[in-house]
Amino acid sequence: MNVLGALTSGPTAFRGEGINHENEPFIGKLTVQALEGGSAALLKYVATLSSGELAHSESTLLGVGPDGNLCLWPVMSELPVVLPHVEKVSRSEPGAFTEAVFASGTRDDLTSFREEITIRINSDGSLLYTHAWGLPGGSFEERSSCSMVPSVA
């Protein structure tokens, strides 16, 4: 099973704690809405600081691209454009986890912004959502991660 299948066949809401790129703790919430019988999904992810301030917001379409590979199209509060993220890595260990890494650009391209979003669904129902990125001229590193468990929407 791939990440799309795991997300559309499982819980529709997750909640947990994370750390952002400024080392600030936040509460993360992710909702999953299966589209067209599970052929795609709409993900809504929000990270809120303890002060109540919104740290990050994104609405993402997850589906199969024209080349047959899974792709994310995230609309993020920090970016003025939509950068398609193509699935670069897909891993699954039955009874343990299903994971996919979606990338926009390559890690070593210092001339542009590049990003990877990783979604890992564990067999216990928990979900890990991470963002790794690098600015032009800057290093590529994991910048934010959130570990969540199923919750009530």
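Because the structure is a prediction, the values reported are computed rather than measured.

## Thoughts on the pairing of strand 3 (residues 40–49)
- With 10 bridges joining them, strand 2 (residues 25–35) and strand 3 adopt antiparallel strand pairing. Its bridge partner lying in strand 3, Ala34 is registered against Ala41.
- The antiparallel pairing of strand 2 with strand 3 creates a hairpin that spans 4 residues between the two strands, and Glu36 there sits at a positive phi of about 45°.
- Here strand 3 pairs with strand 4 (residues 54–64) via 9 bridges, running antiparallel. Looking across to strand 4, one finds that Ala41 is bridged to Leu62.

## Points about the sheet that holds strand 9 (residues 127–134)
- With respect to topology, 10 strands assemble into a closed barrel ordered 1-2-3-4-5-6-7-8-9-10, the strand pairing being antiparallel. Across the sheet, the mean angle separating the axes of adjacent strands is 25° when strand polarity is ignored.
- Two elements, strand 8 (residues 114–122) and strand 9, share 8 bridges in a ladder whose sense is antiparallel. Considered in strand 9, the bridge of Thr118 is made with Thr130.

## Examining unusual backbone geometry
- Positive phi, close to 60°, is recorded for Asn23, a residue that is not glycine.
- Structurally, the position occupied by Asn23 is in the loop between strand 1 (13–19) and strand 2.
- Note on Asn23: relative accessible area 61%, which makes it exposed.
- The backbone of Glu36 shows a phi angle near 45°, a positive value even though the residue is not glycine.
- With respect to the helices, strands and loops of the structure, Glu36 is situated in the loop between strand 2 and strand 3.

## Section: the environment of Ala100
- Note on placement: Ala100 falls in strand 7 (residues 97–104).
- For the pair Ala100 and Arg120, spaced 20 residues apart in sequence, the C-alpha to C-alpha distance is 6.6 Å.
- Once you skip the residues sitting within four places of it in the chain, Ala100 turns out to touch Val3, Glu87, Val89, Ser90, Ile117, Thr118 and Ile119.

Parameters at a glance
- Residues numbered from 1 in each chain as written.
- Predicted model: local features only at pLDDT ≥ 70, side-chain atom pairs only at ≥ 80, totals over all residues.
- Heavy atoms only, no water.
- Pairing = 2+ DSSP bridges.
- Helix = DSSP H or I, 4+ residues; strand = E, 2+ residues; numbered from the N terminus.
- Axes fitted to C-alpha atoms, helices over the stretch in contact; angles between N-to-C directions.
- Buried < 20%, exposed > 50% of the residue type's maximum accessible area, 1.4 Å probe, protein only.
- Contact = heavy atoms within 4.5 Å.

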